[in-house]
Amino acid sequence: MKCDDPVAHGQYRCRCGIVPPHMLEAIIKNGDAEQRIAAAQTLHLTEQMRLERLSLVGEAGPAQAADETAGAAHKSRKIYTAANGTGLPGNLVRSEGQGASGDAEIDEAYNGLGATFDLYNNIFQRNSIDNAGMDLIGTTHYGVKYNNAFWNGSQMVFGDGDGKLFNRFTIAIDVMGHELTHGVTQYTAKLVYSNQSGALNESVSDVFGSMVKQYALGQTSAQADWLIGAGLLAAGVKGVALRSMKAPGTAYDDPVLGKDPQPDHMSKYVNTTSDNGGVHINSGIPNKAFYLTSIALGGNSWDRAGHIWYNTLLDTRLSASAQFQDFANLTVDNANKLYGATVGNAVVQAWQQVGINVAAIVSWQNNKAVLSTYTSPHSMNAWAYIQDNGWRKVQSLTPDGVTNTFALLVDAQSVNARVNVYLDGTTIYQAYSV
Ligand SMILES: [Zn+2]
């Protein structure tokens, strides 16, 4: 299954569902006749929707400007039913402020979209997905026994599930936070939905989806289960969720669904052409970095770790084609700016535990950047370059030969000079002088 045609259709837009292609393909391979038909229908409907979207004309990406024109918080939910058809959005069944409908799927969608709005608005001062108060639209009862939920570029869609492998898709609040966050990414970083930038796109959705759940339940990082889609797998399925941020690769191991393929470290990075280059697979690596950061900082995930990730998502230095290393570098820089060196170094440690090395500049004094002592996993040479009058090598570093720990001073001749630190040919840190 292809998620979307990135060239013809806005590279950052994704209409993939919460159930990744590798799970649907496993069902088609291993399931009984009924399960195979349902999985094939799910794949078919997703493809049909892709083609419908492709036929829309003039669908330019949303204006970035919307992000800068946030008005008063505007919470407006509209929940529809497709009545087991596939027309969108369907019939309106519950609008903002109206009482419960008595239909579990409709009411869970209403509550989940509300919880997502609340986290973004109360904690990150974000006024809905576009930061300009757009309506939150959800269509329930999509298709027949449809085993997926997705963000289609402008609204959410929920299937009922087949009841044998998956329960109704509104059952997991983090699934709604995940899908709506694809909308937030669409309006901000526009991370290209393939390979590492696509896995970052997926990971950001898991990070904020999990935070929506933790915030709604009032859980600290230590109390949270860090699962994505808990409750979604039907009784009898061998697994607890779709993914685990705490322990990627352990969420399920089932005769029909297969085994959770997520790696938890760069040494296990999965190179594949399926799933848009493993976007739902390698997202386990940055997912675990967020989990480790949250645990290290203590308290609630949204207290500090969430702000570090949110500021990184909005950071204009984060390119649409960002790699894990780029994202990691910016989280450390944002952590330093928001909370200082101790927190910055906690983020460095979190990334290092998943195999991504970042050095942290801890302070700038008289145009000298003081890098934290940096412990490398092996003996290496590092260089620092600075871009003020062109690129200039400012310092060579050699490890002490025992612990591979070193410190670095960088001289900057001007403000906003870019500093690149290279380690074994890879940029491990970028910063700008102040
Ligand atoms: Zn997703």
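Residues numbered from 1 in each chain as written. Predicted model: local features only at pLDDT ≥ 70, side-chain atom pairs only at ≥ 80, totals over all residues.

**Re the overall build of the protein chain**
Inference 1: A tally of helices and strands in the protein chain yields 10 helices and 16 strands.
Inference 2: The long-range fraction of contacts in the protein chain, counting pairs at least 24 apart against all pairs at least 6 apart in sequence, stands at 60%. (Helix = DSSP H or I, 4+ residues; strand = E, 2+ residues; numbered from the N terminus. Contact = placed C-beta atoms within 7 Å.)

**Quick word on the pairing of strand E3 (residues 136–142)**
Inference 1: Among the seven residues in E3, seven count as buried, and that is most of the element.
Inference 2: In the sheet, strand E1 (residues 77–81) pairs with E3 via five bridges, with the strands oriented parallel. Bridge pairing in E3 links Tyr80 to Thr139.
Inference 3: In the sheet, E3 pairs with strand E5 (residues 156–159) via three bridges, with the strands oriented parallel. (Buried ≥ 20, exposed ≤ 12 C-beta atoms within 10 Å, placed from the backbone. Pairing = 2+ DSSP bridges.)

**Details of helix H4 (residues 173–187)**
Inference 1: For H4, built from 15 residues, the straight-helix expectation of 21 Å at 1.5 Å per residue is met to within 8% by its first-to-last C-alpha distance of 22 Å.
Inference 2: Most of H4 sits inside the fold, with 15 of its 15 residues counted as buried. (Expected span 1.5 Å × (residues − 1).)

**Things to note about the pairing of E1**
Inference 1: Among the five residues that make up E1, four are buried, leaving the element largely enclosed by the rest of the structure.
Inference 2: Alignment of E1 against strand E2 (residues 91–95), held across four bridges, turns out to be antiparallel. Directly across from Lys78, in E2, lies its bridge partner Ser95.

**Quick word on the packing of helix H8 (residues 305–314) against helix H9 (residues 324–339)**
When two helices pack together, you describe them by how their axes are tilted relative to each other and by the distance separating the axes.
Inference 1: Running from N to C, H8 and H9 point in directions that differ by 120°, and their axes come no closer than 9 Å. In terms of orientation, H8 and H9 fall into the oblique class. Seen along the crossing, H8 lies across H9 with a hand that is right-handed. Here His307, Ile308, Trp309, Asn311 and Thr312 of H8 lie close against H9, whose contacting residues are Phe327, Leu330, Thr331, Asn334, Ala335 and Leu338.
Inference 2: Each residue belonging to the contact of H8 with H9 can be placed in one class, and the counts come to six nonpolar, five polar and no charged. (Axes fitted to C-alpha atoms, helices over the stretch in contact; angles between N-to-C directions. Parallel < 35°, antiparallel > 145°, perpendicular 65-115°, else oblique. Left-handed = near helix turned anticlockwise from the far one by under 90°. Nonpolar A, V, L, I, M, F, W, Y, C, P; charged D, E, K, R; others polar.)

**Considering H8**
Inference 1: Of all 10 residues in H8, seven are buried; the element is thus mostly enclosed.
Inference 2: Considered for burial, the residues of H8 that qualify are Ala305, Gly306, Ile308, Trp309, Tyr310, Thr312 and Leu313.
Inference 3: Buried positions along H8 lie against helix H3 (104–124), H4, helix H5 (195–217), helix H7 (284–297), H9 and helix H10 (341–353).

**Focus: the environment of Glu202**
Inference 1: Mapped onto the elements, Glu202 comes out in helix H5.
Inference 2: Linking Glu202 and Pro286, residues 84 residues apart in sequence, is a C-alpha distance of 9.6 Å.
Inference 3: The residues touching Glu202, leaving out its near neighbours within four places in the chain, are Val279, His280 and Ser283.

**Considerations on the environment of Leu92**
Inference 1: Residue placement: Leu92 occurs in strand E2.
Inference 2: Residue classification places Leu92 among the partly exposed residues on the basis of 13 C-beta atoms within 10 Å.
Inference 3: For the pair Leu92 and Tyr80, spaced 12 residues apart in sequence, the C-alpha to C-alpha distance is 4.2 Å.

**Observations concerning the nonpolar core**
Inference 1: Core analysis: the biggest nonpolar cluster contains 97 residues, and Ala149, Met156, Leu232, Ala241, Val347 and Trp351 have the highest contact counts within it.
Inference 2: Non-local contacts of Ala241, meaning those with residues more than four positions away in its chain, are made with Leu227, Ile228, Gly229, Ala230, Leu232, Leu233 and Ala251. (Core = buried A, V, L, I, M, F, W, Y, C linked by C-beta atoms within 7 Å.)

**Comments concerning the confidence of the model for the protein chain**
Inference 1: Here the protein chain shows a mean pLDDT of 83. Residues at 70 or above account for 73%.
Inference 2: Ignoring residues within four places in sequence, the model shows residues 53–69, a span with pLDDT below 50, making 19 contacts including any to other chains.
Inference 3: Taken as a whole, residues 401–406 scores under 50 in pLDDT and shows 15 contacts with residues more than four places along the chain or in a different chain. (pLDDT = per-residue confidence, 0-100.)

**Re the sheet that holds E1**
Inference 1: Read from one edge to the other, the open sheet built from five strands follows the order E2-E1-E3-E5-E4, with strand pairing classed as mixed. Each edge of the sheet is formed by a strand with only one pairing partner; in this case those strands are E2 and strand E4 (149–151). Pairs of neighbouring strands in the sheet enclose a mean axial angle of 20°, with direction left out of account.
Inference 2: Contacting E1, E2, E3 and E5, H3 crosses the sheet at an angle of about 150° to E3.
Inference 3: Strand contacts of H4: E4 and E5, with the helix running at about 25° to E4, the strand carrying the most contacts.

**Here we look at unusual backbone geometry**
Inference 1: Cis geometry marks the peptide bond from Leu88 to Pro89, where omega comes out at 5°.
Inference 2: Inspection of the secondary structure assignment puts Pro89 in the loop between E1 and E2.
Inference 3: Positive phi is not limited to glycine here, since Lys145 has a value of about 50°.
Inference 4: On the secondary structure map, Lys145 appears in the loop between E3 and E4.

**A closer look at the environment of Leu88**
Inference 1: Of note, Leu88 is situated in the loop between E1 and E2.
Inference 2: With 67 residues separating them in the primary sequence, Leu88 and Gln155 have C-alpha atoms 9.2 Å apart.
Inference 3: Ignoring sequence-local partners within four residues, the contact set of Leu88 consists of Ala82, Thr139, Gln155 and Val157.

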